[in-house]
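# Examining the three-dimensional arrangement
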Amino acid sequence: MTASNKTYANRTKIFIDGQHGTTGLQIQDRLKDRADIELLELPMADRKDLAKRAEIARAADIAVLCLPDAAAKELVAALGDSDTVVIDASTAFRVADGWTYGFPELAKDQRQKLLDSKRISNPGCYPTGAISLMRPLIDAGLLRADSTPAVFGVSGYTGGGKELIAVHENTDVEPFGLYGMELTHKHVPEMKKYSGLKHAPLFVPSVGHYAQGMLIVLPITRDVTTKSVDAKDVQQVLAERYEGEKFVTVRPFADRSWLERDRFLRADRLIDTNSMELAVYANPAEEQILAVASLDNLGKGASGAAVQTINLKTGVDEATGLRVG
């Protein structure tokens, strides 16, 4: 029986601070019809009033912060040691001490860490894909923790929030563009920390002229591995790590069945789901290996991840209110 058709005497009270932003709207949409959830809201006139925001957050069981970093820090400071569970979707606390990373599939003990925590940082979209590829390979001793792997990503423009959405939907813009050319993207610290790397990866993000969906690509070259590595070993490590997971699946080795016209891997194939799919390809003659992650930047990369954590914290099935691709 799903949460939507049960009767709950004590519903979980949830406050979404920043509910009118891209991520907040998507979280609200996934929660609004659930019988086990009561959404708390402030009048529009009070939504920038810190005292009132803190008051309603204290009254909630879970506060989800879909805010700029400064505003998230401001509210967390105002809450102090409140028992309210805080799930922060900004980058303010992604690598902060005392905060638990909201990626349940990160490691075998991550779900228990999340159950024990009242301060949870929701993962970034690019890091979700990058970490899902690198962490198992470092743990298995295939990828050197002291290496500097390159990570490439492309996202739909919704990953840039309201400003970028407005640019792409209201003006004539580039069909594709690299950015972060200073190589200090805000997602790099969490990629480094939760992958288990000793040095920051070289991360090159990009935006395509489409709304949702993303691909993250990790070249596995001789200079980042601990030894001569076979691509099938990479695929096996990933498959074993995510065996039994509902939202993270690993495609068969060198799978072509998900390619458009047997050639192109679409970035938008998992939109509106909380799924992420990983795959491994290779050129054995040149000892070249490519690992790829596919997900929705607004799903498993943002709002879906937050709802998955809410489900875990409230004791319902993790897939409640979420689509599996």
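Residues numbered from 1 in each chain as written. Predicted model: local features only at pLDDT ≥ 70, side-chain atom pairs only at ≥ 80, totals over all residues. Heavy atoms only, no water.

## Regarding the overall build of the protein chain
Here is the rule: Starting at the N terminus, helices and strands are each numbered in turn, a helix being any DSSP run of H or I of at least four residues and a strand any DSSP run of E of at least two. Contacts were defined at the residue level, with two residues in contact if any of their heavy atoms lie within 4.5 Å. Two residue types count as positive, namely Lys and Arg, and two as negative, namely Asp and Glu; His and chain ends fall outside the count. We put the charge of a Lys on NZ, of an Arg on CZ, of an Asp on CG and of a Glu on CD.
Tallying secondary structure elements over the protein chain gives 9 helices and 13 strands in all. Dimensions of the protein chain, computed from the C-alpha atoms along their principal axes, are close to 60 × 45 × 35 Å. Here the analysis covers contacts within the protein chain between residues at least 6 apart in sequence; of these, 72% occur between residues at least 24 apart. Within the protein chain, one finds 39 positive and 44 negative side-chain charges whose respective centroids are separated by 2 Å.

## Considerations on the environment of Lys198
Topologically, Lys198 is positioned in the loop between α7 (188-195) and β9 (202-208). It is 21 Å that separates the C-alpha atoms of Lys198 and Gln110, two residues lying 88 residues apart in sequence. Contact partners of Lys198, with chain neighbours within four places excluded, come to Ala145, Asp146 and Lys192.

## Observations regarding the sheet that holds strand β10 (residues 214-220)
What counts here: DSSP calls a pair of strands paired once it identifies at least 2 bridges connecting them. Axis angles are defined between N-to-C directions and span 0 to 180 degrees, where every axis is a line fitted to C-alpha atoms and, for a helix, only to the segment in contact.
Spatially, β8-β9-β7-β10-β13-β12-β11 is the arrangement adopted by the 7 strands of the open sheet, whose pairing is mixed. In this open sheet, the two edge strands, each paired with only one partner strand, are β8 (176-178) and β11 (248-250). Averaged over all pairs of adjacent strands, the angle between strand axes in this sheet comes to 20°, irrespective of strand direction. In terms of strand pairing, β11 meets strand β12 (residues 276-283) through 3 bridges, oriented parallel. When the sheet's bridge partners are listed, Val250 is paired in β12 with Leu278. Where helix α8 (residues 231-241) meets the sheet, it contacts β10, β11, β12 and β13 (288-295), and its direction lies at approximately 170° from that of β12.

## Topic: the packing of helix α2 (residues 50-59) against helix α3 (residues 69-79)
The relative placement of two packed helices is expressed as an angle between their axes plus a distance between the axes. Keep this limit in mind: Two helices cross in a left-handed way if the nearer one is turned anticlockwise from the farther one by less than a right angle. They cross in a right-handed way if the turn is clockwise. Each residue receives one of three labels: charged for Asp, Glu, Lys and Arg, nonpolar for Ala, Val, Leu, Ile, Met, Phe, Trp, Tyr, Cys and Pro, and polar for the others, Gly being one of them.
In contact at an axis separation of 9 Å, α2 and α3 are set at 60° when each is read in the N-to-C sense. Crossing of α2 over α3 shows right-handed handedness. Here α2 contributes Leu50, Arg53, Ala54, Ala57 and Arg58 to the contact with α3, which in turn contributes Ala71, Glu74, Leu75, Ala78 and Leu79. Classifying every residue of the contact of α2 with α3 by side-chain character gives 7 nonpolar, no polar and 3 charged.

## Focus: empty space enclosed by the protein
Put simply, the test is: Cavities and pockets were defined on a 1 Å grid built over protein atoms only: a cavity is a set of grid points that admits a 1.4 Å probe from which the probe cannot escape, a pocket is an open set flanked by protein on both sides within 12 Å along at least five of seven lines, and lining residues are those with an atom within 4 Å of any such point. Grid points are joined across faces, edges and corners, and a volume is the space filled by probe spheres set on the points.
Tallied over the full model, the rule gives 1 cavity of 30 Å³ or more. In this structure, the largest cavity occupies an estimated 30 Å³ of space. Along the walls of the largest cavity sit Ile14, Phe15, Ile16, Gln19, Gln28, Leu39, Leu40 and Glu41, which together make up its complete lining. Elements with a minimum of two residues in the lining of the largest cavity: β1 (12-17) and β2 (37-40). When residues of the lining of the largest cavity are assigned to their parent elements, the largest contribution, 3 residues, is made by β1.

## Looking at the pairing of β10
Successive residues of a regular strand alternate their side chains across the two faces of the sheet. Rules: Burial classes follow relative accessibility: with a 1.4 Å probe on protein chains only, a residue under 20% of its type's maximum area counts as buried, one over 50% as exposed, and anything between as partly exposed.
Where burial is concerned, most of β10 is hidden: 5 out of the 7 residues are buried. Inspection of the sheet shows strand β7 (residues 150-156) paired to β10 by 4 bridges, in the antiparallel sense. Residue pairing across strands places Phe152 opposite Val217, the latter belonging to β10. Bridging between β10 and β13 involves 7 bridges; their strand directions are antiparallel. Bridge pairing in β13 links Leu215 to Ser294.

## Side note on the confidence of the model for the protein chain
Rules: On a scale of 0 to 100, pLDDT captures the predictor's confidence in every residue.
Of all residues in the protein chain, 97% have pLDDT values of 70 or greater, and the mean over the chain is 95. Note that pLDDT drops below 50 for residues 1-7; the model gives that stretch 8 contacts with residues more than four away or on any other chain.

## Quick notes on the pairing of β2
Worth spelling out the cut-off: A crossover gets the label right-handed when its path from the first strand over the helix to the second runs clockwise, viewed with the strands pointing away from the viewer.
Bridging between β1 and β2 involves 4 bridges; their strand directions are parallel. When the bridges of β2 are listed, Lys13 appears paired with Glu38. Handedness of the crossover is the feature at issue here: the chain leaves β1, passes through helix α1 (residues 22-31), returns alongside β2, and the resulting connection is right-handed.

## Re the nonpolar core
Most often, soluble globular proteins keep nonpolar side chains buried together rather than apart. Operational definition: For the purposes of this section, nonpolar cores are sets of buried Ala, Val, Leu, Ile, Met, Phe, Trp, Tyr and Cys residues that join through side-chain atoms within 4.5 Å.
Membership of the largest hydrophobic core comes to 38 residues, with the highest contact counts inside it found for Leu137, Ile216, Leu218, Val234 and Leu278. When contributions to this core are tallied by element, the ones reaching two or more residues are α5 (125-139), α7, β10, α8, β12 and β13. Examining the composition of this core, we find that 8 residues originate from one element, α5, more than from any other. Residues within four places of Leu278 in sequence aside, it is in contact with Ser132, Leu133, Leu238, Tyr242, Val248, Thr249, Val250, Arg251, Val292 and Ala293.

## Description of a nonpolar patch on the surface
Test applied: Residues form patches when they are more than 30% accessible in relative terms and have no salt bridge. Like charges link within 9 Å. Nonpolar side chains (Val, Leu, Ile, Met, Phe, Trp, Tyr) link within 5 Å. Each accessible area value is a Shrake-Rupley result obtained with a 1.4 Å probe; residue values ignore everything except the protein chains displayed when judging cover. Any carboxyl oxygen of Asp or Glu that lies within 4 Å of a side-chain nitrogen of Lys or Arg is treated as forming a salt bridge with it.
A cluster of nonpolar side chains, namely Phe176, Leu178 and Met181, defines an oily patch on the protein surface of about 340 Å² accessible area. Here Met181 shows up in the loop between β8 and α7.

## A short note on the sheet that holds strand β3 (residues 62-65)
Pairing between the strands of a sheet is mediated by backbone hydrogen bonds and can be parallel or antiparallel. The strand order across the open sheet built from 6 strands is β2-β1-β3-β4-β6-β5, with neighbouring strands paired in parallel fashion. Of all the strands in the sheet, the pair left with one neighbour each is β2 and β5 (100-101). Direction of pairing for strand β4 (residues 85-88) relative to strand β6 (residues 119-121): parallel, over a ladder of 3 bridges. Looking at the pairing, Val86 lines up with Arg119 of β6. Strand contacts of α1: β1, β2 and β3, with the helix running at about 160° to β1, the strand carrying the most contacts.

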